[in-house]
Amino acid sequence: MTPPTAPLRPPAAAARKPATVRIAAWSAANPWKAIIAWTVFVALCFGAGTAAGTNQVAFSDYWIGEAGEAEGLAVANGVEAPAVEHVLITSPSGPLDAAAAEAAAADLVARMSALDEVGKVSAPVTAEGGDALMVSVTMSMPAHEAGDHVDPLLAATEAVQAGHPDVEVAETGRKSIANELDEQLGAELAGVERFTLPVTLAILFLVFGSLLLAGVPLALAVSSILAALGVYALASHFFPDAGGAVTSVLAMIGMAVGVDYSLFYLKRVREEQVRLGADGGLAAAVELAAATAGRTIVTSGIAVIVSLAGLYLVDDVIFSSIATACIIVVAIAMASSLTVLPALLAKVGRRIGGGRLLRRKGGREEHRVWGALLRPALRRPGATAAIGLVVIVGLAAPALAMTTSVEGKETFPKSLPTIAAYDALTTAFPDAGVAHTVVAEVDPADAGALAAAVAELESATQESALFAATDGPRLRVSEDGAAVAIDLPVPYPTSDPRAAESLALLRGELVPDTIGRIGGAEYYVSGEPAYAEDYSAHQSVRLFLVVGFVLAAALVIMLLAFRSLVVAVLSMVLNLLSTLAAWGALVLVFQGTWAERLLDFDSPGFIGTRTPLMVFAILFGLSLDYQLFVLSRIKEAAERGLEPREAIRQGLLSSASVVTSAAVIMMSVFVAFVFIDRIEMKQLGFALALGVLLDAVVVRVMVLPALMATVDRAGRWPARWAPAGSHQRSEGQALRTGAS
């Protein structure tokens, strides 16, 4: 007979419930309060962020290495490069009519000279072959501010073109190119987002068989993204925003984890409903799911956040902005799954049973396809693991030959008018393209020696085929003559090995042998090739630091989550292999030319410097996400008393559909990036899509279960995964006892 004191135990047990359970229980019991509170939270975050605006990084924050030192020295002495736009006048067909070209040039000079945004207009210069005319326009404000003022110049160029239809008038320059690239990228990223939402909804509808249920994960993901955008705008006043595609990466990660967490939680609620039976109640199922799935979501969120935090170690404003944005959206998506999702389930819970993902047969999840795929891994784990590892290592091997560089104008879309004009300009005027910039400062008493050394340097470059011929020195000299900047053009694009060779010659011989002979002289070399080399070198060094930090952090998190060193090491190695395979595939596809027509790109012969780190951080975080979902189910199955091999099977069967559905959604997002007309975005989208595919299919279905089965055979099955005794029940078991 039950003792009289028995009724006093449930309140005590309830007091010991973890925070995830208590929050879920309140949310399910007060759904409208939770939904309204979340709506207000999202509105406040987004509204506050919109009102505060986004604080952009300073121009100097982009300076890295010797090139950055040169820029700083130039600005300090007032010899920084001005913003210059070039207008090219050519014939649309046949030889250039000199009289028509000169008339157009005169009109252009008059219009440009009348603009407040213009400081100086050069006299027209005719190309050596007489087939082109160039007018250079120097803007009146500092170069880093000129991007916001270039539109009147473009309008003047268009007006000249309209008034002189017998010639072709086109403008190009660093600022006009940058603006046009930003506009195109923004439009294409917006197209990706418009594509992503309906595709995600369609996939979720197939999963749930209900538009209402499909809308729950999507609504949570979208609301988390909106709140994160607002919080990120506020955070930018402490951690400045680098702009570009940062908000698109935020949206991509927010969609990934938001949908992942919702799917995992929804499936768990359905399973608990099945176990409890008709009399169990939805509220009890939500509470039980919070004890298991909720705990896994928290662990997963922390793991992803730590993985992304490694990007701060790059010491680069772009990666720091991405890290801040993604950490914010992961934290908010995690919070939404633990707070408002139980409330939404309380309102639509009766419809959870629909859809293929949540359909049951005989009281447990069964899927013949997954069962067949798992059979080789469980029956012949050694052979299956070997085959899977050979596939992954084979794909990863080409990563050893990876060459990285920074995008130059030669890699930008040729469809853009400013890029087409730049190509035509550098063909007609080779000295108007890429240039090295040497910046030097000496004691004012040595100003004369500096002038002589610079003249000697310029003469030496004119004798080398690695440099372009010019019509005279291109100097900027400080008022006291103690500081100077000289531009030394090269007739090659930034990524051409000869541009790097000319840079090495400057830094290694020419500059030290001229300016370097002046005692106490401070000198540096900047320019596009210098920036590309310094940035690539910086990234290469930081890459190993970031990878080491993330691997160590992941090892600690997995060790704390599963209390097994073998499982933690196994997880870390598998996640790393997925990333390495994505890197190898990048090299195979984009450093060669065989896939150019297939993916509509012109191979630059290198991988974008930022791409490997971006792929690693995002893919490793998502892999940790999936790994935690799968291993947590295997661990729970083992704790229920199943033999290791059956626990692996049940754990995979119960999580495979969730992981696969989430992976398909993520692949659809990443694949959309392949269609953006920027080589770096294509590389990123391709690597992430392939990495997710390999991780969800090869690693999770073949390699992971095979290695876990091998761990069992080797007698290394975690002792802590043994079935809990009557006096050592798991939180979920204790809750089920209370619920029954």
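**Q** Any chance you could explain the sheet that holds strand β9 (residues 483-489) here in plain terms?
**A** Neighbouring strands of a sheet are bound in pairs by backbone hydrogen bonds; such pairs are parallel or else antiparallel. Here four strands make up an open sheet; going across it, the order is β8-β9-β7-β10 and the pairing antiparallel. Both outer strands of the open sheet, β8 (475-477) and β10 (522-527), are each paired with one neighbouring strand and no more. Averaged over all adjacent pairs, the angle separating strand axes in this sheet is 15 degrees, with direction ignored. Sheet contacts for helix α4 (residues 65-77): β7 (435-441), β9 and β10; angle to β10, the most-contacted strand, approximately 110 degrees. Sheet strands touched by helix α17 (residues 528-562): β7 and β10. Its angle to β10, the strand with the most contacts, is close to 95 degrees.

**Q** I would appreciate a short explanation of the pattern of salt bridges in the present structure.
**A** Two side chains carrying opposite charge are able to pair once their charged atoms lie near each other. Within the structure shown, the criterion is met by 24 salt bridges. D315 is the partner of R542 in a salt bridge, and the nearest nitrogen-oxygen pair spans 3.9 Å. Placement of R542 in helix α17 and of D315 in the loop between α10 (282-309) and α11 (317-348) is noted, with a sequence separation of 227 residues between them. The partly exposed category is assigned to R542, whose relative accessible area is 25%. For E639, the salt bridge goes to K635, with nearest N and O atoms at 2.8 Å. In this pair, E639 and K635 are both assigned in helix α20 (residues 611-639), four residues apart and thus about one turn of the helix distant. If you follow the salt bridges from partner to partner, you end up with K267, R268, E271, E272, R633 and E636 in one network.

**Q** Looking at this structure, I do not really get helix α9 (residues 246-276). What am I missing?
**A** Each full turn of the α-helix corresponds to 3.6 residues, which orients residues three or four apart in the same direction. An ideal rise of 1.5 Å per residue puts 45 Å on 31 residues; α9 measures up with 45 Å between its terminal C-alpha atoms. By the criterion of burial, α9 is predominantly enclosed, with 27 of the 31 residues buried. One or two residues past the end of α9 sits G277, with phi positive at roughly 80 degrees.

**Q** Is there a simple way to think about the packing of aromatic side chains in this case?
**A** The description of an aromatic ring pair rests on the distance of the ring centres and on the angle between the ring planes. This structure, assessed with the given rule, holds eleven aromatic pairs. Note on F59 and W63: the rings are 5.8 Å apart at their centroids and 85 degrees apart in plane angle, and the pair reads as edge-to-face. We classify W63 as partly exposed; its relative accessible area is 26%. Grouped by ring-pair contacts, the aromatic residues Y261, F264 and F629 constitute a single cluster.

**Q** I'm lost on the confidence of the model for the protein chain in this one. Help?
**A** Of the residues in the protein chain, 93% have a pLDDT of 70 or more, and the chain-wide mean is 89. For residues 1-15, every residue scores under 50 in pLDDT, and the model assigns this stretch one contact once sequence neighbours within four places are set aside.

**Q** Explanation requested: the pairing of strand β4 (residues 132-139) in the structure shown.
**A** Each regular strand carries side chains that alternate between the two faces of the sheet. Across the eight residues that make up β4, a large majority, seven, are buried. Judged from the two bridges that link them, strand β3 (residues 125-126) and β4 form a sheet pairing that is antiparallel. When the sheet's bridge partners are listed, T126 is paired in β4 with L133. Following β3, the chain reverses through five residues before pairing antiparallel with β4; G130 in that reversal takes a positive phi of roughly 75 degrees.

**Q** Would you mind showing me how to read the packing of α17 against helix α18 (residues 565-590) here?
**A** Interhelical geometry of α17 versus α18 gives an angle of 145 degrees and a closest axis separation of 8 Å. Here the hand of the crossing between α17 and α18 comes out right-handed. Contact with α17, carried on its side by L543, L551, L555, M558, L559 and F562, involves L565, V567, A568, V569, S571, M572, L576 and W583 of α18 and no other residues of that element. Looking at the contact of α17 with α18 residue by residue, the classes come out as 13 nonpolar, one polar and no charged.

**Q** Explanation requested: helix α2 (residues 19-29) in the structure shown.
**A** Those residues of α2 lying buried are T20, V21, A24, S27 and A28. Buried residues of α2, viewed axially, fall in a sector of 135 degrees; they line one side.

**Q** Could you clarify how one ought to interpret the nonpolar core in this entry?
**A** A general trend in soluble globular proteins is that nonpolar side chains are found buried together. Ranked by size, the top nonpolar core spans 170 residues in total, and within it Y265, F590, V615, M666, F670 and M708 carry the most contacts. If one sorts the elements of this core by residue count, α11 sits on top with 20 residues. Each residue touching M708, except ones within four places of it in the same chain, is listed here: V567, L570, L631, I648, W717 and W721. The next biggest cluster of nonpolar side chains, apart from the first, holds 33 residues, and it includes I419, V438, A499 and L503.

**Q** Would you explain the environment of Y232 in this entry?
**A** Mapped onto the fold, Y232 is located in helix α8 (residues 211-235). On the basis of relative accessible area, Y232 is assigned to the buried category, the value being 2%. For the pair Y232 and P217, spaced 15 residues apart in sequence, the C-alpha to C-alpha distance is 22 Å. For Y232, the residues in contact, after removing those within four places along its chain, are D241, A242, V246, L250, S321, T324, A325 and I328.

**Q** Got a minute to help me understand the side chain of S478 in this structure?
**A** Mapped onto the fold, S478 is located in the loop between β8 and β9. Relative accessible area serves as the criterion here: at 10%, S478 is assigned to the buried category. Of note is the side chain of S478, whose polar atom sits 3.3 Å from the backbone nitrogen of A482. Residues contacting S478, with those up to four places away along its chain left out, are N77, V79 and A483.

**Q** Which parts of the structure should I look at to understand the packing of α10 against α17?
**A** If you want to describe how two helices pack, look at the angle between their axes and the distance between the axes. For the pair α10 and α17, the least separation of the axes is 9 Å and the interaxial angle reads 165 degrees. With respect to α17, the element α10 is oriented roughly antiparallel. In this structure, the crossing between α10 and α17 has a hand that is right-handed. Listed contacts from α17 to T299, I302, A303, V306, S307 and A309 of α10 are F549, V550, A553, I557 and A561. Split into classes, the residues belonging to the contact of α10 with α17 amount to nine nonpolar, two polar and no charged.

**Q** Just to check I follow, could you spell out the environment of A104 for this structure?
**A** Following the sequence through the fold, A104 ends up in helix α5 (residues 98-113). For the pair A104 and T157, spaced 53 residues apart in the sequence, the C-alpha separation amounts to 9.8 Å. Residue contacts for A104: discarding those within four places in its chain leaves I89, V160, H164 and V167.

Rules used in this analysis
Residues numbered from 1 in each chain as written. Predicted model: local features only at pLDDT ≥ 70, side-chain atom pairs only at ≥ 80, totals over all residues. Heavy atoms only, no water. Pairing = 2+ DSSP bridges. Helix = DSSP H or I, 4+ residues; strand = E, 2+ residues; numbered from the N terminus. Axes fitted to C-alpha atoms, helices over the stretch in contact; angles between N-to-C directions. Contact = heavy atoms within 4.5 Å. Salt bridge = Lys/Arg side-chain N within 4 Å of Asp/Glu carboxyl O. Buried < 20%, exposed > 50% of the residue type's maximum accessible area, 1.4 Å probe, protein only. Expected span 1.5 Å × (residues − 1). Phe/Tyr/Trp six-rings, centres within 6.5 Å; stacked < 30°, edge-to-face > 60°. pLDDT = per-residue confidence, 0-100. Left-handed = near helix turned anticlockwise from the far one by under 90°. Nonpolar A, V, L, I, M, F, W, Y, C, P; charged D, E, K, R; others polar. Arc of directions from axis to C-beta. Core = buried A, V, L, I, M, F, W, Y, C linked by side-chain atoms within 4.5 Å. Polar contact = N/O pair within 3.5 Å; in protein donor to acceptor, adjacent residues only side chain to side chain. Parallel < 35°, antiparallel > 145°, perpendicular 65-115°, else oblique.

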